[in-house]
Amino acid sequence: MAPVTIYTRQFCGFCSAAKRLLEKKGASYVEHDATFKPDLKREMIQRSHGGTTFPQIFIGDVHVGGCDELHALDRAGKLDALLAS
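Conventions and cut-offs
- Residues numbered from 1 in each chain as written.
- Predicted model: local features only at pLDDT ≥ 70, side-chain atom pairs only at ≥ 80, totals over all residues.
- Heavy atoms only, no water.
- Helix = DSSP H or I, 4+ residues; strand = E, 2+ residues; numbered from the N terminus.
- Buried < 20%, exposed > 50% of the residue type's maximum accessible area, 1.4 Å probe, protein only.
- Contact = heavy atoms within 4.5 Å.
- Core = buried A, V, L, I, M, F, W, Y, C linked by side-chain atoms within 4.5 Å.

Draft legend 1. Structural context of the side chain of Thr 5. Assignment of secondary structure puts Thr 5 in strand β1 (residues 4-8). According to the relative accessible area criterion, Thr 5 is buried, its value standing at 13%. In this structure Thr 5 touches Val 30, His 32, Arg 47, Gln 56, Ile 57 and Phe 58, once residues within four positions along its chain are discounted.

Draft legend 2. Structural view of the nonpolar core. Counting 16 residues, the largest nonpolar core has Ile 57, Ile 59, Leu 70 and Leu 83 as its most contacted members. Looking at this core, the elements with two or more residues in it are β1, α1 (13-24), β3 (56-59), α3 (67-75) and α4 (79-84). Take this core: its biggest share by element is 4 residues, from α1. Setting aside residues no more than four positions away along its own chain, Leu 83 makes contact with Met 1, Ala 2, Val 4, Leu 22, Lys 25, Ala 27 and Ile 59. Judged by nonpolar contacts, the second largest core, of 8 residues, contains Tyr 7, Cys 12, Ala 34 and Leu 40.

Written out as structure tokens, the structure is:
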């Protein structure tokens, strides 16, 4: 499976929903909790080319976006292939 990185913050329902979907798919991920870490938030914004909302999700080198985009990929039948690459 492709490596998955997710930038999160505490008490974020969208972050929890994205992680649940990844877990349902059997995908392991590296989570970066940026709640109290401005350096991680800056890294996330730079890496996502301006994405400031949480979560920001990367599968391999592909910036997926947030929770809504992750679920849209799944509904379109594209998430499994992306995770498998």
